[in-house]
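Structural overview
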Amino acid sequence: MTSSPPSPSASRPARPGPASSRTTPPPGAPAPAPSGEGAAVMLASLAGFDGCFGCGSEAESGLRIRHTGVEDGVVTCEFTVRREHQGAPGLCHGGVLATAMDEALGGAAWLLGNRYVTGRLETDYLAPVPVGSDVHVRAWCTGLDGRKAYLEGEARVGGPDGPVAVRAAGVFIEVPQEHFVPES
Ligand SMILES: CCCCCCCC(=O)SCCNC(=O)CCNC(=O)[C@H](O)C(C)(C)COP(=O)(O)OP(=O)(O)OC[C@H]1O[C@@H](n2cnc3c(N)ncnc32)[C@H](O)[C@@H]1OP(=O)(O)O
């Protein structure tokens, strides 16, 4: 079982969705839309923290992902593939792309208004992503069941309507503030 983003902007790949039974919400689970209002919780919890490997400006070797907005329940972000992100020659490493999907799905989860960590992340790689590419990532919630938030996302190359290179599904688990380790 899979779901579609609320606002599809281009044709869907003719493949099954990325979600397995473990990343598919139970029937009837509500799917609240991530929103800007949830950002208040997120920003208060992170309080000036800028060391995130995905999006932090203090993480020198990180992806420097730029969060670009939330619209119709879909979170968007983007990053540029640099040489240090290579796996096979000239191509982005799959783990780097998984990091970008983790960041997007995680960001969409936090915008539900609580703190979440990744419990499970599943990725399908559909096309190679060359160094120098701008990667546009979208993520949305497919269901909420107690502490578990189910999310899906996709990464497109070259623009928001470019070809889909990665699809992902995940389940994120709500945690208290005490879950995190203060920086010393
Ligand atoms: C803006 C910020 C963006 C952030 C993006 C980046 C996000 C990250 O990278 S987070 C870092 C990577 N993830 C982690 O470090 C998490 C490590 N794991 C843990 O800390 C714990 O295992 C944790 C918190 C997930 C769950 O532990 P715990 O709080 O004891 O809950 P637990 O009772 O085991 O599970 C709660 C529910 O989640 C479910 N669950 C837990 N893990 C999984 C999993 N891998 N797959 C599916 N379901 C799971 C359980 O089945 C349970 O379901 P139910 O309520 O129906 O019984």
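Everything discussed here concerns the structure shown above.
So, here is what we can say about the structure in this document. (Residues numbered from 1 in each chain as written. Predicted model: local features only at pLDDT ≥ 70, side-chain atom pairs only at ≥ 80, totals over all residues. Heavy atoms only, no water.)

Here we look at the site of the ligand
Not every one of the 16 residues close to the ligand is listed here, only the nearest: Asp102, Thr118, Gly119, Arg147 and Lys148. Measuring from a nitrogen atom of the ligand, one finds a backbone N or O atom of threonine 118 at 3.1 Å. Between the ligand and glycine 119 there is a distance of 2.9 Å, counted from a nitrogen atom to a backbone nitrogen or oxygen. Against a free-state accessible area of 1,200 Å², the protein chains account for coverage of 51% of the ligand. (Near = heavy atom within 4 Å. Polar contact = N/O pair within 3.5 Å; in protein donor to acceptor, adjacent residues only side chain to side chain. Areas by Shrake-Rupley, 256 points an atom, 1.4 Å probe, with all protein chains shown as cover.)

A few points about the pattern of salt bridges
One pass over the full model with this rule turns up 6 salt bridges. Ionic pairing is found between glutamate 122 and arginine 120, a salt bridge with its closest N-O pair at 2.7 Å. Its relative accessible area of 11% is what places glutamate 122 among the buried residues. For arginine 120, a relative accessible area of 30% corresponds to the partly exposed category. (Salt bridge = Lys/Arg side-chain N within 4 Å of Asp/Glu carboxyl O. Buried < 20%, exposed > 50% of the residue type's maximum accessible area, 1.4 Å probe, protein only.)

So, unusual backbone geometry
The phi torsion at arginine 64 lies on the positive side, around 55 degrees, for a residue other than glycine. Here arginine 64 lies in the loop between helix H1 (39–46) and strand E1 (66–71). (Helix = DSSP H or I, 4+ residues; strand = E, 2+ residues; numbered from the N terminus.)

Things to note about the nonpolar core
Phe79, Val129, Val135, Val137 and Leu151 are the most contacted members of the largest nonpolar core, which totals 32 residues. The leading source of residues in this core is helix H2 (residues 94–110), at 9 residues. Here valine 129 is in contact with Val81, Gly90, Leu91, Cys92, Leu97, Val135, Val157 and Ala165, once residues within four sequence places are set aside. (Core = buried A, V, L, I, M, F, W, Y, C linked by side-chain atoms within 4.5 Å. Contact = heavy atoms within 4.5 Å.)

Things to note about the sheet that holds strand E2 (residues 74–80)
Reading across the sheet, the 6 strands line up as E1-E2-E4-E5-E6-E3 and stay open at both edges, with antiparallel pairing between neighbours. Each edge of the sheet is formed by a strand with only one pairing partner; in this case those strands are E1 and strand E3 (116–125). If you compare each strand with its neighbour and ignore which way they point, the axes differ by 20 degrees on average. Here E3 pairs with strand E6 (residues 164–174) via 9 bridges, running antiparallel. From the neighbouring strand, aspartate 124 faces E6, where its bridge partner is arginine 167. (Pairing = 2+ DSSP bridges. Axes fitted to C-alpha atoms, helices over the stretch in contact; angles between N-to-C directions.)

As for H2
Working note: α-helix, 3.6 residues per turn, so residues spaced by three or four point in the same direction. Spanning 17 residues, H2 covers 24 Å between terminal C-alpha atoms, matching the ideal 24 Å at 1.5 Å per step. Within H2, 13 of the 17 residues are buried, leaving the element largely enclosed by the surrounding structure. (Expected span 1.5 Å × (residues − 1).)

Side note on the state of the cysteines
One pass over the full model with this rule turns up 0 disulfides. Cysteine 55 takes part in no disulfide bond, and the closest cysteine sulfur, belonging to cysteine 52, lies 3.8 Å away. Its sulfur unpaired, cysteine 92 is 13 Å from the next cysteine sulfur, which belongs to cysteine 77. Of the residues examined, cysteine 92 reaches a relative accessible area of 10% and is grouped as buried. (Disulfide = S-S within 2.5 Å.)

Remarks on the pairing of E1
Pairing between E1 and E2: 5 bridges, direction antiparallel. Residue pairing for E2: glycine 69 is matched across the bridge by threonine 76. The turn linking E1 back onto E2 is made up of 2 residues, and aspartate 72 within it adopts a positive phi angle of 50 degrees.

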